[in-house]
Amino acid sequence: YTPDDTERFLTFEPDSAGWNNIRMAMETALVMSHAMGRTLVLPPEQKIYLLQNGKNSEKKDFGFNDFFHLDAISVEHKGFKVIT
């Protein structure tokens, strides 16, 4: 919480672990940013371990919008803000 109107941020950068570890860390960052009144800053689309093993025509880079409905979350939870 900040007493003034200064916008504060919480950044999230996934590690090179598997998807489930990344997902749990992302959920924690999402809850923390909302609880602290900070804007969550997410990285651009990138390769995620074991999710890019498809054929050449399949998607190889993923963003968190591919897995989380961030727009819906911000509508349901007033004050939640996210940027990528």
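Scroll up a little and you will see the structure.
In this report, we go over the structure that sits alongside the text. Please read all numbers here as calculations on a predicted model, not as lab measurements.

This part takes up the packing of aromatic side chains. With the rule as written, the count across this model stands at 4 aromatic pairs. Relative to Phe64, the ring of Phe12 has its centre 5.5 Å away and its plane inclined at 70 degrees; by these criteria the two rings are edge-to-face. Of the two residues, Phe12 is situated in the loop between β1 (9–11) and α1 (19–36) and Phe64 in the loop between β2 (39–41) and α2 (70–76); the sequence distance between them amounts to 52 residues. For the residue pair Phe12 and Phe64, the accessibility class agrees, reading buried in each case. When the centroid spacing of 4.3 Å and the interplanar angle of 35 degrees are considered together, the rings of Trp19 and Phe67 count as tilted. Here Trp19 is found in helix α1, whereas its partner Phe67 is found in the loop between β2 and α2, with 48 residues between them in sequence. The class for Phe67 is partly exposed, based on a relative accessible area of 34%. One aromatic cluster in this structure is built from Phe12, Phe64 and Phe68.

Given a rise of 1.5 Å per residue, 18 residues ought to cover 26 Å, and the 25 Å separating the end C-alpha atoms of α1 matches this to within 8%. Of all the residues in α1, the buried ones are Ile22, Met26, Ala29, Leu30 and Ser33. Down the axis of α1, the sector holding all buried residues measures 105 degrees, keeping them to one side. α1 presents Val31 and Ala35 as exposed residues on the side facing more than 90 degrees away from its buried surface. In this structure, the buried side of α1 is in contact with β1, β2 and α2.

Conventions used here
- Starting afresh in each chain, residues are numbered from 1 along the sequence in its written order.
- At least 70 in pLDDT is required for a residue's local features to be given in this predicted model, at least 80 for side-chain atom pairs to be given and counted, and no such filter applies to totals for whole chains, interfaces and linings, which use all residues.
- Side-chain descriptors were evaluated using all non-hydrogen atoms of the structure, hydrogens and water having been removed beforehand.
- Each Phe, Tyr or Trp ring, with Trp reduced to its six-membered ring, pairs with another whose centre is within 6.5 Å; inter-plane angles below 30 degrees give stacked pairs, above 60 give edge-to-face pairs, and intermediate values give tilted ones.
- Every helix listed is a DSSP run of H or I at least four residues long, and every strand listed is a run of E at least two residues long, numbered separately from the N terminus.
- Only protein chains enter the calculation, and the probe is 1.4 Å; a residue is then buried if its accessible area is under 20% of its type maximum, exposed if over 50%, and partly exposed in between.
- A helix is expected to span 1.5 Å multiplied by its residue count minus one.
- The directions from the helix axis to the C-beta atoms are what the arc is built from.
- Contacts are assigned to residue pairs that have any heavy atoms within 4.5 Å of one another.

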